[in-house]
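This is what each chain is made of:
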Amino acid sequence: QVQLVESGGGLVQAGGSLRLSCAASGRTFSSYAMGWFRQAPGKEREFVAAIRWSGGITDYADSVKGRFTISRDNAKNTVYLQMNSLKPEDTAVYYCAAVQMAWGSRRQDEYDYWGQGTQVTVFS
């Protein structure tokens, strides 16, 4: 069982930056690939980024590539999402998710554990 708790969301002006964190419980964090997803009002939840259980290999949605960076610190049981050059269309609830595999795909149904989400609001 893994519990995930996101933090770091907030209100930011377009062009600004935020860093989301996702803290995981348990002692086997390094055996989980991690992903970030988001859900904007009135829209379905969508993939944002994923990282291999050991780090090093990442994947990004085209809409965030070059602006967002996913990383992890297995010693701290934490995965991060650094978000730069934020746009109003990045406004959403952001969720982290975990799957006990080396690599997490873009498919939400492959992830076993989810956090409660953190709100990010970007205003112009």
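Please refer to the structure placed before this passage.
Residues numbered from 1 in each chain as written. Predicted model: local features only at pLDDT ≥ 70, side-chain atom pairs only at ≥ 80, totals over all residues. Heavy atoms only, no water.

**Q** What is the right way to look at the pairing of strand 11 (residues 118–123) in this model?
**A** In regular strands, side chains alternate between the two faces of the sheet. On strand 11, burial follows the alternation: Thr118, Val120 and Val122 on one face are buried, whereas Gln119, Thr121 and Phe123 on the facing-out side are not. The pairing of strand 9 (residues 92–99) with strand 11 spans three bridges and is classified as antiparallel. Each bridged residue has a counterpart across the sheet, and for Tyr94 the counterpart in strand 11 is Thr118. (Buried < 20%, exposed > 50% of the residue type's maximum accessible area, 1.4 Å probe, protein only. Helix = DSSP H or I, 4+ residues; strand = E, 2+ residues; numbered from the N terminus. Pairing = 2+ DSSP bridges.)

**Q** When you look at the packing of aromatic side chains in this model, what are you seeing that I'm missing?
**A** The geometry of an aromatic ring pair is captured by two quantities: the separation of the ring centres and the angle between the planes. Going through the model one piece at a time under the given rule, you end up with five aromatic pairs. Summarising the aromatic geometry, the rings of Tyr32 and Tyr113 are spaced 6.1 Å apart at their centres and angled 65° between planes, so their arrangement reads as edge-to-face. Pair noted here: Tyr32 is in the loop between strand 3 (18–24) and strand 4 (33–39) and Tyr113 is in strand 10 (residues 113–114), with a separation of 81 residues, a long-range link. Grouping residues by exposure puts Tyr32 and Tyr113 together as buried. Each ring, one from Phe37 and one from Tyr111, has its centre 5.2 Å from the other, and the planes form 80°; the classification is edge-to-face. Here Tyr111 lies in the loop between strand 9 and strand 10 and Phe37 lies in strand 4, a separation of 74 residues in the sequence. The pair formed by Phe37 and Tyr111 is uniform in burial state, with each residue classed as buried. Connected via pairs of aromatic rings, a cluster forms that spans Phe37, Phe47, Tyr111 and Trp114. One Lys or Arg, Arg72, reaches over the ring of Phe29 and ends 4.4 Å from the middle of that ring. (Phe/Tyr/Trp six-rings, centres within 6.5 Å; stacked < 30°, edge-to-face > 60°. Lys NZ or Arg CZ within 6 Å of the ring centre and 35° of its normal.)

**Q** Explain the side chain of Asp90 to me, please; I cannot follow it from the model alone.
**A** Mapping Asp90 onto the fold places it in the loop between strand 8 (78–83) and strand 9. Other than its neighbours up to four places away in sequence, Asp90 contacts Arg38, Arg67, Phe68, Ser85, Val120 and Val122. (Contact = heavy atoms within 4.5 Å.)

**Q** Before we go on, may I ask you to explain the state of the cysteines in this structure?
**A** Note: disulfide means a covalent bond formed between the sulfur atoms of two cysteine side chains. This structure, assessed with the given rule, holds one disulfide. Two residues share a disulfide in this structure: Cys22 and Cys96, whose sulfurs sit 1.9 Å from each other. Across the S-S bond linking Cys22 and Cys96, the dihedral sits near 50°, which makes this disulfide right-handed. Within this pair, whereas Cys22 is found in strand 3, its partner Cys96 is found in strand 9, the two being separated by 74 residues in sequence. Here Cys22 matches Cys96 in class, with each residue buried. (Disulfide = S-S within 2.5 Å.)

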